[in-house]
Amino acid sequence: MTIRELDQAYVAHTYNRFPVEIVSGKGSVCRDSGGKEYIDMGTGIAVNTFGYADEAWQRAVAEQAGKLQHTSNLYYTEPCARLAEMLCRRTGMSRVFFSNSGAEANECAIKTARKWAAEHLGPEYSTVITLRNSFHGRTLTTLAATGQEHYHELFRPLTPGFVHVDAGDAEQLERAFRENKAAALLIECVQGEGGVVPLSRDYAAEAEQIVREHGALLMVDEVQTGNGRTGTLYAYEQYGLKPDVVSTAKGLAGGLPLGATLLGERVKDTLGFGDHGSTFGGNPVCCAAALSILSRLDENLLAEVREKSAYLVSALRAMPGVKEVTGLGLMLGIRTEKPAADVVAACRERGVLCLTAKDKVRLLPALNIPMELLEKAAEVLREAVK
Ligand SMILES: *Cc1c(COP(=O)(O)O)cnc(C)c1O
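Residues numbered from 1 in each chain as written. Predicted model: local features only at pLDDT ≥ 70, side-chain atom pairs only at ≥ 80, totals over all residues. Heavy atoms only, no water.

Once that is clear, we can look at the sheet that holds strand β13 (residues 322–328). In a beta sheet, neighbouring strands pair by backbone hydrogen bonds and run either parallel or antiparallel. In space, the four strands of this open sheet follow the order β13-β14-β17-β16, with antiparallel pairing throughout. Across the chains shown, the open sheet's two edge strands, defined by having one partner strand only, are β13 and β16 (355–357). Shown here is a sheet whose adjacent strand axes are inclined to one another by a mean of 30°, direction ignored. When β13 meets strand β14 (residues 331–336), the two strands line up antiparallel, connected through six bridges. Its bridge partner being in β14, Val 322 is matched across the sheet by Thr 336. (Pairing = 2+ DSSP bridges. Helix = DSSP H or I, 4+ residues; strand = E, 2+ residues; numbered from the N terminus. Axes fitted to C-alpha atoms, helices over the stretch in contact; angles between N-to-C directions.)

Printed below as a string of structure tokens:
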């Protein structure tokens, strides 16, 4: 059987895969089983922060794997402690809970909010308000948080205690806080799966004010927007927000599974012994990988992300067939005249891998993609959207 046949026979059919079998990669270029090369503008959905087989990342992973791959959270390990320190120093947050995915990072955020609110606002303050068109994960609780009905339909009953409001409508948010005993607001600064839709800065500021007036927690889901993706270490910085909780995952460990829930001063002691846990959380190899990634996400690199973004946005906006370009940094959505899936297929034919998000083409290239490759990819896109 071919790999495709084996996969179709034995792997659960939850993914509609592109007809490509990727076998290897280096930097922003990967190769399929037929030897065809592609410029990767998707990085495994914002995961391979510095592309494939990045040398410093590889070294960090191999060294740690050769020393200590796992201990459980019953013991102290250096990569976990150093990564937590680095995340706190870089963000001003106070403590970190490590898990293995974005959904788990959000689960921890939600558990933190419920326990904190029960202790500080009252036991009935359990509601978490989220935005319509959001995406927070696939577990039953993070699906409940996700403000898109079509994900819910087949899986009820979902975890109760979530209320969804329209992004951009501060009055609705104010009403939701008045009508519900809410522990927290959970938002994405740029809705990724929802179609690369940034919140307006005015709305984000109003939302933060409403949260503060009601004494609740502000929680920002930076699973996709985080770790340099939008041109700052975390997107909330660009919005001038001061979140109490930040969840992140995807690009954090550059291709290994790692989730992190950053806890601010107000909630740093909310979860105590036995309140939460994860067997793999804070895994030494994943944390060593993340240390390698984060230590290189400095001001120079972030400035480079913003420059590449400016180039790509203006190149895309000038293309016939492009109706709108949205997003921040190297997280961009393109509304095209042709169906997005057709554009993605045409790009793939021409050796460029792109993604979709709702009805848009979505670009999430490696943060260190060389300018020549970005220009080549833009040329291919120009042909594909026309
Ligand atoms: C991808 C994503 C998640 C879910 O992350 P998983 O690692 O797939 O569990 C949650 N929130 C946002 C904003 C995401 O983009």
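Evaluated as defined, the whole model comprises two aromatic pairs. Ring geometry for Tyr 234 against Tyr 236: centres 6.3 Å apart, planes inclined by 10°, an arrangement best described as stacked. On the basis of relative accessible area, Tyr 234 is assigned to the buried category, the value being 0%. Owing to a relative accessible area of 6%, Tyr 236 belongs among the buried residues under this scheme. (Phe/Tyr/Trp six-rings, centres within 6.5 Å; stacked < 30°, edge-to-face > 60°. Buried < 20%, exposed > 50% of the residue type's maximum accessible area, 1.4 Å probe, protein only.)

This paragraph deals with the packing of helix α12 (residues 299–317) against helix α14 (residues 371–385). With their axes 11 Å apart at the nearest point, α12 and α14 run at an angle of 20° to one another. Judged by the inter-axis angle, α12 sits roughly parallel to α14. Like other packed secondary-structure pairs, α12 and α14 cross with a definite hand, here right-handed. Residues Lys 308, Tyr 311, Leu 312 and Leu 316 of α12 touch α14, and the partners they reach there are Met 371, Leu 374, Glu 375, Ala 378 and Leu 381. Looking at the contact of α12 with α14, its residues break down into seven nonpolar, no polar and two charged. (Parallel < 35°, antiparallel > 145°, perpendicular 65-115°, else oblique. Left-handed = near helix turned anticlockwise from the far one by under 90°. Contact = heavy atoms within 4.5 Å. Nonpolar A, V, L, I, M, F, W, Y, C, P; charged D, E, K, R; others polar.)

Tracing the sequence through the fold places Lys 323 in strand β13. Here Lys 323 falls in the exposed class, since its relative accessible area comes to 56%. Residues contacting Lys 323, with those up to four places away along its chain left out, are Arg 335, Thr 336 and Glu 337.

Counted under the stated rule, the structure contains 23 salt bridges. The salt bridge partner of Glu 324 is Arg 335, with a shortest N-O separation of 3.0 Å. Of this pair, Glu 324 sits in strand β13 while Arg 335 sits in strand β14, and the two are eleven residues apart along the sequence. For Glu 324, a relative accessible area of 34% gives the class partly exposed. For Arg 382, the salt bridge is made with Glu 379, and the minimal N-O distance between the two is 3.4 Å. With a gap of three residues between them, Arg 382 and Glu 379 both fall in helix α14, about one helical turn apart. Residue class for Arg 382 comes out partly exposed when judged on its relative accessible area of 27%. (Salt bridge = Lys/Arg side-chain N within 4 Å of Asp/Glu carboxyl O.)

Within the largest apolar cluster, 92 residues are counted, with the highest numbers of intra-cluster contacts made by Met 41 and Leu 87. A domain split of this core shows at least three residues from each of domain 1 (3–53 + 298–385) and domain 2 (57–296). Excluding anything up to four places from it in sequence, Met 41 contacts Leu 312, Val 352, Leu 353, Cys 354, Arg 362, Leu 363, Leu 364, Pro 365, Ile 369, Leu 374 and Ala 377. If you look at the next biggest cluster of nonpolar residues, it comprises 21 residues, including Ala 113, Tyr 151, Leu 158 and Leu 263. (Core = buried A, V, L, I, M, F, W, Y, C linked by side-chain atoms within 4.5 Å. Domains from an automatic or database assignment.)

Time to look at the site of the ligand. In the neighbourhood of the ligand, the contacting residues comprise Ser 101, Gly 102, Ala 103, Asn 106, Phe 135, His 136, Gly 137, Glu 188, Asp 221, Val 223, Gln 224 and Lys 250. A distance of 2.8 Å separates an oxygen atom of the ligand from a polar atom in the side chain of Gln 224. A distance of 2.7 Å separates an oxygen atom of the ligand from a polar side-chain atom of Lys 250. Protein coverage of the free-state accessible area of the ligand, which is 380 Å², stands at 82%. Among the elements that line the shell around the ligand, the one with the most residues is helix α5 (residues 102–120), at three residues. Class assignment for the residues of the shell around the ligand results in three nonpolar, six polar and three charged. (Near = heavy atom within 4 Å. Polar contact = N/O pair within 3.5 Å; in protein donor to acceptor, adjacent residues only side chain to side chain. Areas by Shrake-Rupley, 256 points an atom, 1.4 Å probe, with all protein chains shown as cover.)

Mapping Lys 360 onto the fold places it in strand β17 (residues 360–363). No salt bridge is formed by the buried Lys 360, whose closest oppositely charged neighbour, Glu 324, lies at an N-O distance of 4.6 Å. At 3.3 Å, the side chain of Lys 360 and the side chain of Thr 326 are in polar contact. (Lys, Arg positive; Asp, Glu negative; His and termini not counted.)

Right, let's talk about the domain arrangement of the protein chain for a bit. One frequently used descriptor of interface size is the decrease in accessible area upon assembly of the parts. By domain assignment, the protein chain separates into domain 1 (3–53 + 298–385) and domain 2 (57–296). The straight-line distance from the C-alpha centre of domain 1 to that of domain 2 is 25 Å. Opposite the 29 residues of domain 1 that make contact, domain 2 presents 30 residues. Counting the surface lost from both domain 1 and domain 2, the interface buries some 2,400 Å², and carbon and sulfur atoms represent 59% of this. Among the residues domain 1 hides against domain 2, the three largest losses belong to Leu 328, Met 331 and Lys 358. Together they make up 28% of the total. At the boundary of domain 1 and domain 2, one finds one salt bridge. Of the charged contacts, one joins Arg 362 and Glu 193 as a salt bridge, the two residues approaching to 2.9 Å between their closest N and O atoms. Summed over the shared surface of domain 1 and domain 2, the number is 14 residue pairs in polar contact (both at pLDDT 80 or more). When residues of the side of domain 1 that touches domain 2 are traced back to their parent elements, those giving at least two are α2 (43–46), α12, β13, β14 and β17. (Buried area = accessible area lost by both parts, 1.4 Å probe.)

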